[in-house]
Amino acid sequence: ELPLGIATNFQVNGRDYLIPMVVEEPSVVAAASYMARIARDHGGFETSSTAPLMRAQVQVLGVSDPYGARLKLLAARDEILTLANARDKVLIGLGGGCKDIEIHVFPKSQRGPMVVMHLLVDVRDAMGANTVNTMAEAVAPLVEQLTSGQVRLRILSNLADLRLARARVRVPEAAMATKDFSGRRMIEGILDAYELAAIDPLAGGPYAYAREAFGDYMGYQTNLIYWLANVVGNVGLAVAGLGYLTAFFTGLKDPLVSALAQLALIWFFTYANILGPSVVGRLQSFTTSFALVPIVGMAVLGWFWFSPSVYAAGWNVSGQGPFAAIGATLNFTLWAFIGVETASVSAGVVENPRKNVPIATVLGVVIAAVCYVLSSTVIMGMIPNKELISSSAPFADAARLALGDTAASVVAACAAIGCLGSLAGWTLLVGQTAKAAADDGLFPNIFARVNAKGVPSAGLAIVAVIMSVQVLATMSPTAGEQFGKIASIAVIMTLLPYIYSAISLKVLGYKTLSPKDYSLYTIIALIAAVYSLWALVGSDGNQTRWSLIFVISTMVFYALALNHKRDVEDGTVHTGGAAPVWVRYAVLAAIILALAGMFWESVGKHRVDTLHTRSPSPLSAPATPGTAN
């Protein structure tokens, strides 16, 4: 059940209306009423509409002479219209009915020559699906007789370009102003949003481009791989953050204690997300700036302690040639830039997004690259290679060499806070991504169920379970080794969506871009694809093999999801619903269990040689002669 709301203040074509609205969010009704009041003060809305024409498609295959079949169908137009209109006398009596036909010929397709006939039906005030489908079914035998082909689909088309409704309103700039934004800025934001919709209707990032260029299966594969790569990468953030906390809690150097701490963090941030996006938003805004302190500080100040001899000694210790060594590092290099494609989500909240978002994205990547190259180079010139390999907190270790233990502690704290704050935001992202896929019928519906805060709590819990399994599967003697495994897997799985997106630019740009732009973007796309393939070749062979096996297995997952997706599209299955209330308490219980296990392993158990007792021990000190026992 959903609440019924009434939107007020609407004046349409000079008449006042109360608009009933059934929506999940009451704020939608309030917003509509507010804007209607502004419009009302300046003449209200003016509307117009075309005739309510809908299309029915009748697909014909197995036609030996498709153009000849087209002529026969056009010649039989009146007979086809009469047969279609015989199915709904009520509609005819109201002035509606099948008004005309269109014939489209596709001489070449993967299923052979195809003829598609459109019935153009005036459905009056009805939505028209049942009427249109019934007419298409009625004329199918006659179409087969005329074309000597086989009719396959006979169904309503979602292309409603002949049934248009238009609304017009004029509001002066001053009326659009709010206490936070000027009227001009509001108008520019609306125009920019329109332009974005007009020039690029695709949504979904790599998923949308792969689907549009290569079909539904490749879109599904891209979405699933990209989502899982982000899930895996989140574990890397937990490992990196805890690696820096070992400066304060030495017990985290124990692999089991570290794993239990990672589990506690994963479930803690899952619980924080379940409490609502605002909690995570405030948390991430506070922590993001901390991550910049060690990176920028080391990139700028670390050169005072840089040693060329230390740097040269660790230049290439792989035993491979320069070309092979560079290829082996591409995987870890890309880790630093995963997620750059999500920068465009800010287009709705910045001024002039067509100009500023691309500039900010490119400059952000360049600045990040400069900072990473400088800081990494400095660290390689400060810490000998053998020590650097085993370090779980390289920025903190470098700060210790330069300025002492206090500086190392400050850097370690900043790095840990920055990593863990990012983990909070990325946890929300993977939960929302899974919900979007579930809403489309591509993921199980459990991912689409939300709590009272509108958060997909059950889906987040499932994500936390997957991340927990990843933690246990990648346990390693050192945090650095575990992080290397996780980062490598995440990058391998992200590379495929990157390759698909790059190549789709060439496919989608064909005859859409100007020849000059098409040539330029094709070259850029091929360079990006080759770079990604080179990084894939240089990745760990065993990890790459298992990742590609998973990619192949997506065919099975797609087959399982396809029927569910069709049911969702047909309306026989509805997505969403309320998530179980107990999920929140189960997540809280998981946090407590992980913390208890970590406490038990790190504090509850001690080796005899690590106990600090008084010396001499009162229990072992020899008795003094003459002293009473």
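First, a word on what this report is: a plain description of the structure on this page. (Residues numbered from 1 in each chain as written. Predicted model: local features only at pLDDT ≥ 70, side-chain atom pairs only at ≥ 80, totals over all residues. Heavy atoms only, no water.)

### Section: the overall build of the protein chain
Argument step 1. A tally of helices and strands in the protein chain yields 21 helices and eight strands.
Argument step 2. The buried share among the 629 residues of the protein chain stands at 39%.
Argument step 3. In the protein chain, 72% of the contacts between residues at least 6 apart in sequence involve partners at least 24 apart.
Argument step 4. Approximately 35000 Å² of the protein chain is accessible, and the part contributed by carbon and sulfur atoms is 64%. (Helix = DSSP H or I, 4+ residues; strand = E, 2+ residues; numbered from the N terminus. Buried < 20%, exposed > 50% of the residue type's maximum accessible area, 1.4 Å probe, protein only. Contact = heavy atoms within 4.5 Å. Areas by Shrake-Rupley, 256 points an atom, 1.4 Å probe, with all protein chains shown as cover.)

### So, a nonpolar patch on the surface
Argument step 1. There is a patch of nonpolar side chains on the surface, built from Leu-292, Val-296, Val-300, Leu-301, Phe-304, Trp-305 and Leu-403 and spanning about 740 Å² of accessible area.
Argument step 2. No other element matches helix α10 (residues 277–301), which puts four residues into the nonpolar patch.
Argument step 3. Counting through the fold element by element, Leu-301 comes out in helix α10.
Argument step 4. Residue class for Leu-301 comes out partly exposed when judged on its relative accessible area of 48%. (Patch = residues over 30% accessible without salt bridge, like charges linked within 9 Å, V, L, I, M, F, W, Y side chains within 5 Å. Salt bridge = Lys/Arg side-chain N within 4 Å of Asp/Glu carboxyl O.)

### Overview of the packing of aromatic side chains
Argument step 1. Using the criterion set out here, one finds twelve aromatic pairs in the structure.
Argument step 2. Ring centres of Trp-227 and Phe-443 lie 5.2 Å apart, and the angle between their planes is 75°; this geometry places the pair in the edge-to-face category. With a gap of 216 residues between them, Trp-227 in helix α8 (residues 216–245) and Phe-443 in the loop between α16 (405–439) and α17 (457–473) connect regions that are remote in the sequence. In terms of burial, Trp-227 and Phe-443 fall into one category: buried.
Argument step 3. Ring centres 6.1 Å apart and planes at 75° place the aromatic pair Phe-304 and Trp-305 in the edge-to-face group.
Argument step 4. You can call Phe-304 exposed: its relative accessible area is 68%. (Phe/Tyr/Trp six-rings, centres within 6.5 Å; stacked < 30°, edge-to-face > 60°.)

### As for the sheet that holds strand β6 (residues 114–122)
Argument step 1. The strand order β5-β6-β4-β7 describes an open sheet built from four strands, whose pairing is antiparallel. Pairing within the sheet leaves two strands with one partner each, and these edge strands are β5 (97–106) and β7 (150–156). Averaged over neighbouring strand pairs, the angle between their axes works out to 20° when direction is ignored.
Argument step 2. Across nine bridges, the pairing between strand β4 (residues 53–61) and β6 is antiparallel. When the sheet's bridge partners are listed, Val-60 is paired in β6 with Val-115.
Argument step 3. Helix α2 (residues 66–75) contacts β5 and β6 of the sheet and is inclined by roughly 170° relative to β5. (Pairing = 2+ DSSP bridges. Axes fitted to C-alpha atoms, helices over the stretch in contact; angles between N-to-C directions.)

### Regarding the pattern of salt bridges
Argument step 1. Scanning the model with the defined rule gives ten salt bridges in all.
Argument step 2. Overlapping salt bridges bring together Arg-77, Asp-78 and Asp-100 as one network.

### A word on the pairing of strand β2 (residues 15–22)
Remember that side chains alternate between the two faces of the sheet whenever the strand is regular.
Argument step 1. Two elements, strand β1 (residues 4–12) and β2, share seven bridges in a ladder whose sense is antiparallel. Bridge pairing links Val-12 to Arg-15 in β2.
Argument step 2. In this structure, the hairpin formed by β1 and β2 is closed by a connection of two residues, where Asn-13 is found at a positive phi of approximately 50°.

### Quick word on unusual backbone geometry
Argument step 1. Despite not being glycine, Asn-9 has its phi angle at roughly 75°, a positive value.
Argument step 2. As for its position among the elements, Asn-9 is in strand β1.
Argument step 3. Classification of Asn-9 by relative accessible area gives partly exposed; the value is 27%.
Argument step 4. The backbone of Arg-124 shows a phi angle near 60°, a positive value even though the residue is not glycine.
Argument step 5. Within the secondary structure, Arg-124 is located in the loop between β6 and α5 (129–147).

### Points about helix α15 (residues 394–403)
Argument step 1. For α15, every residue scored as buried is listed here: Phe-395, Ala-396, Ala-398 and Ala-399. Considered in projection along α15, the buried side chains sweep an arc of 160° and stay on one side of the axis.
Argument step 2. Backbone geometry just after α15 places Gly-404 at a positive phi near 100°. (Arc of directions from axis to C-beta.)

### Description of the environment of Ala-247
Argument step 1. Within the secondary structure layout, Ala-247 lies in the loop between α8 and α9 (255–274).
Argument step 2. Expressed as a C-alpha distance, the spacing of Ala-247 and Ala-413, which sit 166 residues apart in the sequence, is 8.7 Å.

### Some remarks on the nonpolar core
Argument step 1. In terms of nonpolar packing, the biggest core is built from 90 residues, with Trp-227, Tyr-244 and Phe-443 touching the most fellow members.
Argument step 2. The element contributing the most residues to this core is α8, with 16 residues.
Argument step 3. Grouped together as the second largest cluster of nonpolar side chains are 31 residues, Ala-56, Val-115, Val-139 and Val-151 included. (Core = buried A, V, L, I, M, F, W, Y, C linked by side-chain atoms within 4.5 Å.)

### Thoughts on the environment of Ile-19
Argument step 1. Looking at the secondary structure, you find Ile-19 in strand β2.
Argument step 2. You can call Ile-19 partly exposed: its relative accessible area is 28%.
Argument step 3. Along the sequence, Ile-19 and Asn-9 sit ten residues apart, while their C-alpha atoms lie 9.1 Å from each other.
Argument step 4. Filtering out sequence-adjacent residues up to four positions away, Ile-19 remains in contact with Gly-5, Ile-6, Ala-7 and Phe-10.

### A closer look at α8
Argument step 1. With 30 residues, α8 extends 44 Å between its outermost C-alpha atoms, agreeing within 8% with the 44 Å of an ideal straight helix rising 1.5 Å per residue.
Argument step 2. Burial of α8 is extensive: 28 of the 30 residues sit out of reach of the surface. (Expected span 1.5 Å × (residues − 1).)

### Notes on the packing of α8 against α17
Argument step 1. For the pair α8 and α17, interaxial distance at closest approach is 9 Å and the crossing angle is 60°. For the element pair α8 / α17, the angle class is oblique. At the point where α8 passes α17, the crossing takes the right-handed sense. When α8 is examined against α17, the residues Trp-227, Leu-228, Val-231, Val-232, Asn-234 and Val-235 are found in contact with a partner set consisting of Val-463, Ile-466, Met-467, Gln-470 and Val-471.
Argument step 2. Here the contact of α8 with α17 is composed, by residue class, of nine nonpolar, two polar and no charged. (Parallel < 35°, antiparallel > 145°, perpendicular 65-115°, else oblique. Left-handed = near helix turned anticlockwise from the far one by under 90°. Nonpolar A, V, L, I, M, F, W, Y, C, P; charged D, E, K, R; others polar.)

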